[in-house]
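Residue-level structure breakdown
Single-letter residue listing:
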Amino acid sequence: IVISMDDGYKEVYTTAAPIFTETGLRPTLFITPRYMGYGAYMTWEQLDELAAAGYAIGAHGYDHANLRGMNDAELALQIGDSRQILKERLSVAVDSFCYPYGGYDDRVLAALEKHGYTTAVTLNPGYWQSPDQPYQLDRLRIDYSMTLTEFAELLP
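Since the model is a prediction, treat every value here as computed from it, not as a measurement.

**With respect to the overall build of the chain**
Looking only at helices and strands, the chain has five helices and five strands in total. Taken from the N to the C terminus, the helices and strands of the chain come in the order β-α-β-α-β-α-β-α-β-α. Relative to the 2.2 N^0.38 estimate, which gives 15 Å for 156 residues, the radius of gyration of the chain is 15 Å and therefore close to what a compact globule would have. Seen through its principal axes, the chain has C-alpha atoms that stretch 40 × 35 × 25 Å.

If you want it as structure tokens, here you go:
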């Protein structure tokens, strides 16, 4: 089981991190570098603290734009530059990607490979994952309004 959280909202640091510390769990945080430090988002210092505590860091595009249909330069920014910024700012490996809005196409898949990612997650729900599709890993979506009963019903 992998726990992942998208975007880098400050509630990850203020609300979720104490619970993860207590339980010993460490999620993967998919981050959009463009918004770090602004309003509802964590600061770089907070994210650095979580990375040092064992949270895995993945990229979520540079600014959360839908990648489908982008040209090569736009994909290089969203996929390549976002990875490089996270690696440099946090001094961690960044090898996983999360598609903003779940949008991807064959060109996006090729760009992920070109820029050195080993996995990517979708918004497609699923329990079983084919090992030959590392750039199309499914996830079960849990949102803020979900009750514990609804969560339990998601599990097989």
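And the narrative resumes.
**As for the pairing of strand 1 (residues 4–7)**
Sheet analysis places strand 1 next to strand 2 (residues 28–31), joined by four bridges and oriented parallel. In the strand pairing of strand 2, M5 is matched with L29. In this fold, the crossover linking strand 1 to strand 2 by way of helix 1 (residues 10–23) has right-handed handedness.

**Digging into the nonpolar core**
Membership of the largest hydrophobic core comes to 32 residues, with the highest contact counts inside it found for L29, L47, I57, I79, F97 and Y99. Elements with a contribution of two residues or more to this core: helix 1, strand 2, helix 2 (44–52), strand 3 (56–59), helix 3 (72–90) and helix 4 (106–114). Setting aside residues no more than four positions away along its own chain, L47 makes contact with L29, I31, M36, M42, I57 and L90.

**Notes on the environment of D63**
Examined against the element boundaries, D63 turns out to sit in the loop between strand 3 and helix 3. Assessed through its relative accessible area of 26%, D63 is described here as partly exposed.

**Here we look at the packing of helix 3 against helix 4**
At a closest axis distance of 10 Å, the pairing of helix 3 and helix 4 adopts a crossing angle of 50°. Taken together, the axes of helix 3 and helix 4 are oblique relative to one another. Handedness of the helix 3/helix 4 crossing: right-handed. For the pair formed by helix 3 and helix 4, the contact residues are D72, L75 and I79 on the first element and R107, V108, A111 and L112 on the second. Its residues assigned to classes, the contact of helix 3 with helix 4 shows five nonpolar, no polar and two charged.

Rules used throughout
Residues numbered from 1 in each chain as written. Predicted model: local features only at pLDDT ≥ 70, side-chain atom pairs only at ≥ 80, totals over all residues. Heavy atoms only, no water. Helix = DSSP H or I, 4+ residues; strand = E, 2+ residues; numbered from the N terminus. Rg over C-alpha atoms; globule rule 2.2 N^0.38 Å. Pairing = 2+ DSSP bridges. Right-handed = clockwise from strand over helix to strand, strands pointing away. Core = buried A, V, L, I, M, F, W, Y, C linked by side-chain atoms within 4.5 Å. Buried < 20%, exposed > 50% of the residue type's maximum accessible area, 1.4 Å probe, protein only. Contact = heavy atoms within 4.5 Å. Axes fitted to C-alpha atoms, helices over the stretch in contact; angles between N-to-C directions. Parallel < 35°, antiparallel > 145°, perpendicular 65-115°, else oblique. Left-handed = near helix turned anticlockwise from the far one by under 90°. Nonpolar A, V, L, I, M, F, W, Y, C, P; charged D, E, K, R; others polar.

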